[in-house]
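# Descriptive structure summary
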Amino acid sequence: MIHSNQTTLVQRQLSSDFLRGHVDTMILKLLQSGDKYGYEISKLIYTNSNEQYEIKETTMYSSLKRLEKDGCIISYWGDATQGGRRKYYKITPIGENTYIQNKNDWEQAKRILERLL
C-alpha cells in the first residue's frame, strides 16, 4: 500500500520527468522578457509554476549550455553594478525562432493528447 506522502513523491517525480523535456522552452520563454542569470531563472520557474516544479541545478545548467551551443542564447558576465560577477543569459534571434517552434510543437502534442486521453 502506498501512503499519501509516497503518492505525492511519485506524482512529483512523474511531473518532474514530464516537464524536464521542456526546460529549454521554459528558459527561452523567460529570456524573452530580458536577460537573466541562472539562479534567477530557476527561481522564476519555481514561482511561475505555483511552486509545483523546482528545476534541478544540473538540469538547468545543462540546458543553458545546450542552448548556448545551439546559438539560441548567449552568455556574458555582469559587472558589479548588476549584483556582482553573475553570468547572464540573453536570447538570440535563433532562440526566438526555436521558442516559437517548440511552443507550436507543444500545442500540437497537447491537441493530440487531449483527443487520445
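Residues numbered from 1 in each chain as written. Predicted model: local features only at pLDDT ≥ 70, side-chain atom pairs only at ≥ 80, totals over all residues. Heavy atoms only, no water.

For the protein chain, the count of helices and strands is five helices and three strands. N-terminal to C-terminal, the α/β element order of the protein chain is α-α-β-α-α-β-β-α. Burial analysis of the protein chain (117 residues in total) assigns 26% to the buried set. A fraction of 48% describes how many contacts in the protein chain between residues 6 or more apart in sequence connect residues 24 or more apart. Here the protein chain displays about 8,300 Å² of accessible surface, and carbon together with sulfur accounts for 54% of that area. (Helix = DSSP H or I, 4+ residues; strand = E, 2+ residues; numbered from the N terminus. Buried < 20%, exposed > 50% of the residue type's maximum accessible area, 1.4 Å probe, protein only. Contact = heavy atoms within 4.5 Å. Areas by Shrake-Rupley, 256 points an atom, 1.4 Å probe, with all protein chains shown as cover.)

Here the focus is the pairing of strand β3 (residues 87–91). One ladder, built from two bridges, connects strand β1 (residues 36–37) with β3; its direction is antiparallel. Counted as the bridge partner of K36 is Y89 from β3. Looking at chain direction, strand β2 (residues 73–77) and β3 are connected through five bridges and run antiparallel. Residue pairing for β3: Y76 is matched across the bridge by Y88. (Pairing = 2+ DSSP bridges.)

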